[in-house]
Amino acid sequence: MKKIFVTGGSGFVGRKLIQRLVYEGCHVIALSRTESSDKVIKGLGAFPLRGDLHSAEALAKGVADADTVFHLAASVDFWKSREELHDDHVAATKKLLALAAAKTSNVSRFVYLSAASVVMNGQPILHADESFRSDRLIDGYSQTKLEAETLVLKAATSDFGTVAIRPPLIWGRGDTSALPQIKAAALNGQLAFIGGGRHRFVTCHVQNVCHALLLAAQSEVSGETFFVTDGEKIEFKQFITDMLKTQHVVAPNRSVPLRVAKAMAGFFSFTWRTLGLKGHPPLYPGMVNALGLPFIVSDQKARDMLGYQPIVSVRDGLQQMYS
C-alpha cells in the first residue's frame, strides 16, 4: 500500500484529492492545523497529522516512509505582499523539500500545486505555454508561488522526481474559496464585471486538477511544470453568471471600464497601504489582473507528456453544482 503525505488536505483541492487517493487504496496522512481540519481529514478516510508548514517536526513525521508528497497548502490571496506570503509559500516549501529529499527519506515523487497566475503581468495573456516568462508579476501571491515552484523544479534528482501543476481558476462543487466570495459580492450588490466581462479565459475544474496531480505522481517526468485547464476558452461574464445560477443567485449586469477599474485599484491600494487599514480593499491591482483581463494558457505540454485530458467538462461541472 502506498503511503502518501498531503499538505492542504482539508482545503478544496486537498479534500477531492484525498478522496481519490483513499479510493485507490493509498494510506494518506494529511497535515492538519486545527481540530475541525482533523475531523474533515478523518471523514475522508485519511489520517490527520497535527502541525503546520513551519513545524519541522510535523513535516518530518509526514514525509517519513512516504512514497509521494503532494504539497497543496497555500494562502490564495492576491492582496497580500510578497513579504507577507514568503514564509508560507517559499520558506515552507524549501523546508518540506529538504526533508522529503533527504537521504533518510524514501520519498520518490514530490508534486507541487503551483498556479497559472505565475505568468500574469497586468497585460492580456493569449495562448501562453510553459516557455512564457513574465518580467512583471504584480501581486505577492504569484511572485511567491513562482519562487516556490522554481525551488521544486530545481530539487529534482535521478531518484527524487518533482513536478509542478499550474491550474488557472479552480472551481467545482464544494468550492470553499472563489465561489463563496463571488456569491457574497453578488448578494451584497458589490459585484461588477470589469470591461463588461466579455474577455475570454480558461478554468480548471477541481476534478481535472486532481487528475493532473495524480498523473504527475505516476509519471516518470521530473523537473517540469505544466499548465492544466478544462480545455475550453470561455467568456468570463457568462461563466460567473452560470456559476451563480447554480446557487440560485442572479448575476448583476453592472460593468466598470477597465481603465476605471485600474485607477480605482491603484487608489484603494495606496490608501490601504498608506493608512495601514486592515482587511482587503474593495478593488486592488491583483484582483483586476486576475478577473479583468483575457487569460489563455495552453495545456498541450501536459497532454503530450503526462497524457492529460480533462475528465469533467465545463458544462458537466456546472450541472454538478446545482444545490
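None of the values given here were measured: they were computed from a predicted structure.

Asks: Whenever I open this one, the overall build of the chain confuses me. Can you help?
Replies: The number of helices and strands found in the chain is 12 helices and 15 strands. Radius of gyration (C-alpha) of the chain: 19 Å, near the 20 Å computed for a compact globule of 323 residues. Each principal axis of the C-alpha atoms in the chain carries an extent, and together these give about 55 × 45 × 40 Å. Counting all 323 residues of the chain, 52% fall into the buried class. Put simply, the chain shows about 14900 Å² of open surface, and 53% of that area lies on carbon and sulfur atoms. For the chain, the distance from the average site of its 36 positive side-chain charges to the average site of its 29 negative ones is 5 Å.

Asks: Can you help me understand unusual backbone geometry in this one?
Replies: The bulk of non-glycine residues show a negative phi, and the bulk of peptide bonds are trans. In this structure, Asp-65 is a non-glycine residue whose phi angle is positive, near 65 degrees. Mapping Asp-65 onto the fold places it in the loop between α3 (56-63) and β4 (68-71). Its identity as a non-glycine residue notwithstanding, His-248 has a phi of 60 degrees, on the positive side. Mapping His-248 onto the fold places it in the loop between α8 (236-246) and β14 (255-256).

Asks: Help me understand the pattern of salt bridges in this model?
Replies: When the charged atoms of two side chains with opposite charge come close together, those side chains can pair. Counted by the stated rule, this structure contains 8 salt bridges. The partner of Lys-61 in a salt bridge is Glu-57, and the shortest N-O contact between them spans 3.8 Å. With Lys-61 and Glu-57 both in helix α3, this residue pair falls 4 residues apart, about one helical turn. Between Arg-198 and Glu-235 there is a salt bridge, with the nearest N and O atoms lying 3.2 Å from each other. Placement of Arg-198 in the loop between β9 (193-194) and β10 (200-201) and of Glu-235 in strand β13 (residues 234-235) is noted, with a sequence separation of 37 residues between them.

Asks: Explanation requested: the environment of Asp-65 in the structure shown.
Replies: What makes Asp-65 exposed here is its relative accessible area of 53%. Leaving out residues up to four positions away in the same chain, Asp-65 has contacts with Lys-3 and Asn-106.

Asks: Is there a simple way to explain the layout of surface pockets in this structure?
Replies: Empty pockets left among the atoms are what a rolling probe the size of a water molecule brings to light. A volume near 160 Å³ is recorded for the second largest pocket. Residue lining of the second largest pocket: Asn-121, Gly-122, Gln-123, Arg-136, Ile-138, Lys-262, Ala-265, Gly-266, Pro-285, Val-288, Asn-289 and Leu-293, and that is the complete set. The set of elements that each furnish at least two residues to the lining of the second largest pocket consists of α9 (258-275) and α10 (285-291). Considered class by class, the residues forming the lining of the second largest pocket number 5 nonpolar, 5 polar and 2 charged.

Asks: Looking at this structure, I do not really get the nonpolar core. What am I missing?
Replies: Judged by nonpolar contacts, the single largest core of 36 residues is most densely connected at Val-13, Leu-21, Phe-70, Ile-165 and Leu-213. For this core, the elements supplying multiple residues, two or more each, are β1 (3-7), α1 (12-23), β2 (27-32), β5 (109-113), β7 (161-166), α7 (206-218) and α11 (300-306). With 9 residues, α7 is the largest single contributor of residues to this core. Contacts of Leu-213, omitting those with residues within four sequence positions, involve Val-13, Leu-17, Phe-70, Leu-72, Val-111, Leu-113 and Ile-165. By size, the runner-up hydrophobic cluster in this structure holds 30 residues, among which are Ala-185, Ile-234, Met-243 and Leu-318.

Asks: Could you clarify how one ought to interpret the sheet that holds strand β3 (residues 47-50) in this entry?
Replies: Sheet strands pair by backbone hydrogen bonding; their relative direction is either parallel or antiparallel. As summarised here, the arrangement of the 7 strands in space is β3-β2-β1-β4-β5-β7-β12, forming an open sheet in which the pairing is parallel. One side of each edge strand has no neighbouring strand; the edge strands of this open sheet are β3 and β12 (224-227). Averaged over all pairs of adjacent strands, the angle between strand axes in this sheet comes to 20 degrees, irrespective of strand direction. Most of the contacts of α1 go to β2, to which it runs at about 160 degrees, and overall it touches β1, β2, β4 and β5. Across the sheet, helix α2 (residues 35-43) lies against β2 and β3, angled at about 155 degrees from β3, the strand it touches most.

Parameters and conventions
- Residues numbered from 1 in each chain as written.
- Predicted model: local features only at pLDDT ≥ 70, side-chain atom pairs only at ≥ 80, totals over all residues.
- Heavy atoms only, no water.
- Helix = DSSP H or I, 4+ residues; strand = E, 2+ residues; numbered from the N terminus.
- Rg over C-alpha atoms; globule rule 2.2 N^0.38 Å.
- Buried < 20%, exposed > 50% of the residue type's maximum accessible area, 1.4 Å probe, protein only.
- Areas by Shrake-Rupley, 256 points an atom, 1.4 Å probe, with all protein chains shown as cover.
- Lys, Arg positive; Asp, Glu negative; His and termini not counted.
- Charge placed at Lys NZ, Arg CZ, Asp CG, Glu CD.
- Salt bridge = Lys/Arg side-chain N within 4 Å of Asp/Glu carboxyl O.
- Contact = heavy atoms within 4.5 Å.
- 1 Å grid on protein atoms, 1.4 Å probe; cavity = no way out; pocket = protein on both sides within 12 Å on 5 of 7 lines; lining within 4 Å.
- Points joined across faces, edges and corners; volume = space filled by probe spheres on them.
- Nonpolar A, V, L, I, M, F, W, Y, C, P; charged D, E, K, R; others polar.
- Core = buried A, V, L, I, M, F, W, Y, C linked by side-chain atoms within 4.5 Å.
- Pairing = 2+ DSSP bridges.
- Axes fitted to C-alpha atoms, helices over the stretch in contact; angles between N-to-C directions.

Any functional reading would require information that these geometric values do not contain.
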